[in-house]
Amino acid sequence: QVQLVESGGGLVQAGGSLRLSCAASAIIFRLNTMGWYRQVPGNQRELVATITSRGTTNYADSVKGRFTISRDNAKSTVDLQMNSLKPEDTAVYYCNARTEYSGQSSWGQGTQVTVSS
């Protein structure tokens, strides 16, 4: 069974930084597009950033220039470096793995990020 375990969330002041990490197991990590999504209660889950198996990245317009996604295929981890955080970045952040040849998708349990003004 696929397991995605997020860590690194917490409380930070506006303008600060956090680094989220997601450790994957029971998947062929190098064949997956990995991503970070976020969700605020009452809203739909939205894409933050993705990185394909070849390292191509994609970012939501709201985080471009502030967030950086990276992956380590040897360790089966994907990180999200978040800088210049804003109160509107407050959400539960979820790690996602999507197998590129089948489209099968898996989610982590989420980690809370709270940015105070």
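Right above here is the structure, for reference.
Residues numbered from 1 in each chain as written. Predicted model: local features only at pLDDT ≥ 70, side-chain atom pairs only at ≥ 80, totals over all residues. Heavy atoms only, no water.

Student: How should I be thinking about the pairing of strand S1 (residues 3-7) in this particular structure?
Tutor: The two faces of the sheet receive side chains in turn, since in a regular strand these alternate between them. Covered by surrounding structure in S1 are Leu4 and Glu6 only, the residues Gln3, Val5 and Ser7 on the alternate face being uncovered. Across five bridges, the pairing between S1 and strand S3 (residues 18-25) is antiparallel. Its bridge partner lying in S3, Leu4 is registered against Ala24. (Buried < 20%, exposed > 50% of the residue type's maximum accessible area, 1.4 Å probe, protein only. Helix = DSSP H or I, 4+ residues; strand = E, 2+ residues; numbered from the N terminus. Pairing = 2+ DSSP bridges.)

Student: Please clarify how the state of the cysteines should be interpreted in this entry.
Tutor: In protein chemistry, a disulfide is the covalent bond that joins the sulfur atoms of two cysteines. Inspection of the entire model under this criterion finds one disulfide. Cys22 shares a disulfide with Cys95; S-S distance 2.1 Å. Of note, the bridge from Cys22 to Cys95 carries an S-S torsion of about -80 degrees and is left-handed in sense. Of this pair, Cys22 sits in strand S3 while Cys95 sits in strand S9 (residues 91-99), and the two are 73 residues apart along the sequence. Classification of Cys22 as buried rests on a relative accessible area of 0%. (Disulfide = S-S within 2.5 Å.)

Student: Hey, could you run me through the sheet that holds strand S8 (residues 77-82) in this one?
Tutor: In a beta sheet, neighbouring strands are held together by backbone hydrogen bonds and run either parallel or antiparallel to one another. One open sheet holds the four strands; their spatial order is S1-S3-S8-S7, and the pairing between them is antiparallel. Both outer strands of the open sheet, S1 and strand S7 (67-72), are each paired with one neighbouring strand and no more. Strand-to-strand twist of the sheet, defined as the mean angle between neighbouring strand axes without regard to direction, takes the value 15 degrees. Bridging between S3 and S8 involves six bridges; their strand directions are antiparallel. Note that in S8 the partner of Ser21 across the bridge is Asp79. (Axes fitted to C-alpha atoms, helices over the stretch in contact; angles between N-to-C directions.)

Student: Hey, could you run me through the environment of Ser106 in this one?
Tutor: Relative to the helices and strands, Ser106 is located in strand S10 (residues 105-107). Residue classification places Ser106 among the buried residues on the basis of a relative accessible area of 15%. As for Ser106 and Asn58, which are separated by 48 residues in sequence, their C-alpha atoms are 19 Å apart. Contact partners of Ser106, with chain neighbours within four places excluded, come to Val2, Leu4, Cys95, Asn96 and Ala97. (Contact = heavy atoms within 4.5 Å.)

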